[in-house]
Amino acid sequence: GALVYQYPRRTICKSGTSMRMECQAVGFQATSVAWYRQSPQKTFELIALSTVNSAIKYEQNFTQEKFPISHPNLSFSSMTVLNAYLEDRGLYLCGAGTGGHSYEQYFGPGTRLTVL
Amino acid sequence: AQSVTQPDARVTVSEGASLQLRCKYSYSGTPYLFWYVQYPRQGLQLLLKYYSGDPVVQGVNGFEAEFSKSNSSFHLRKASVHWSDSAVYFCVLSALNTNKVVFGTGTRLQVLP
């Protein structure tokens with residue numbers, strides 16, 4: 001079956017430092033990878049969507065300068081939170097999709113970021 | 001632009017009672033709809049999904065949902081809830097034309113023993 005792994009599951013960083021998180025798709029080819037953030041007591045906001053052979057598209061309020069993303073192949077993606085501050089804390093979710101007629105994203109368990 | 005609305009931020013029911021969690025969507029194309037559950041401090045688990053065909057779809061743990069194109073809705077139901085169903089439930093829309101997934105705001109379900 002299709003599985004998505006995320007590393008690390010939990011991480012703590014000091015304010016002003018950076019933190020890299022990874023997403024790995026197993027059992028399918030992730031032609032698209034989306035990164036989401038769930039801030040405390042809120043829903044999931046799309047940060048950016050990376051599709052093979054297309055530029056990474058960031059949503060309003062999120063920038064490449066703050067959340068650089070790499071999607072080098074069909075099974076792996078990483079995102080870094082640069083210069084993290086308190087408002088960056090939350091659960092970061094990776095959703096990997098195969099595209100096609102019935103588009104569905106498979107979600108990883110998330111990386112929970114705490115900023116001190 | 002596509003959107004998903006879950007009008008009830010919190011729902012409280014007694015164990016054994018029936019449940020309906022509401023979801024309304026806005027999308028001009030063919031919607032692909034999902035319900036996910038998030039248990040405390042965990043990621044998302046897929047309950048069920050709808051692509052086409054029978055508007056009533058069955059999911060895990062006795063959950064089902066009914067798609068209504070005329071009402072732009074995809075409500076989640078369960079005949080008899082258990083205390084372990086207490087969690088946050090998200091209604092999600094997949095927009096094929098943009099490859100984007102849009103989350104509702106979530107409904108926090110509390111089941112009283």
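The structure under discussion appears in the preceding block.
Reading the values: the criteria
- Residues numbered from 1 in each chain as written.
- Chains lettered and ligands numbered in written order.
- Predicted model: local features only at pLDDT ≥ 70, side-chain atom pairs only at ≥ 80, totals over all residues.
- Heavy atoms only, no water.
- Contact = heavy atoms within 4.5 Å.
- Buried area = accessible area lost by both parts, 1.4 Å probe.
- Polar contact = N/O pair within 3.5 Å; in protein donor to acceptor, adjacent residues only side chain to side chain.
- Helix = DSSP H or I, 4+ residues; strand = E, 2+ residues; numbered from the N terminus.
- Nonpolar A, V, L, I, M, F, W, Y, C, P; charged D, E, K, R; others polar.
- Patch = residues over 30% accessible without salt bridge, like charges linked within 9 Å, V, L, I, M, F, W, Y side chains within 5 Å.
- Areas by Shrake-Rupley, 256 points an atom, 1.4 Å probe, with all protein chains shown as cover.
- Salt bridge = Lys/Arg side-chain N within 4 Å of Asp/Glu carboxyl O.
- Disulfide = S-S within 2.5 Å.
- Buried < 20%, exposed > 50% of the residue type's maximum accessible area, 1.4 Å probe, protein only.

(A) Main features of the interface of chain A and chain B. Every contact between the two is made by 21 residues of chain A and, on the other side, 22 residues of chain B. Buried area between chain A and chain B, both sides added, is near 1900 Å², and the carbon and sulfur share of it is 52%. The interface formed by chain A and chain B includes three residue pairs in polar contact (both at pLDDT 80 or more). The set of elements that each furnish at least two residues to the side of chain A that touches chain B consists of β4 (32–38), β5 (44–51), β9 (90–97) and β10 (105–107) of chain A. Examining the composition of the side of chain A that touches chain B, we find that three residues originate from one element, β5(A), more than from any other. In terms of residue class, the side of chain A that touches chain B is built from nine nonpolar, seven polar and five charged.

(B) Summary view of a nonpolar patch on the surface. Residues and elements named next belong to chain A. Together, Leu3, Tyr5, Tyr7 and Val26 make up a nonpolar patch on the protein surface, roughly 350 Å² of accessible area in all. Per-element tally for the nonpolar patch: the top contributor is strand β1 (residues 3–7), with three residues. Here Tyr5 is to be found in strand β1.

(C) Spatial organisation of the state of the cysteines. Tallied over the full model, the rule gives two disulfides over all chains. One disulfide in the model links Cys23(A) with Cys94(A); its S-S distance is 1.8 Å. Disulfide Cys23(A) to Cys94(A): torsion about the S-S bond roughly -55°, handedness left-handed. With Cys23(A) in strand β3 (residues 19–26) and Cys94(A) in strand β9, this residue pair connects regions lying 71 residues apart in the sequence. With relative accessibility at 3%, the residue Cys23(A) sits in the buried group. The disulfide that involves Cys23(B) links it to Cys91(B), with 2.0 Å between the sulfurs. As the torsion about the S-S bond is roughly -65°, the Cys23(B)-Cys91(B) disulfide counts as left-handed.

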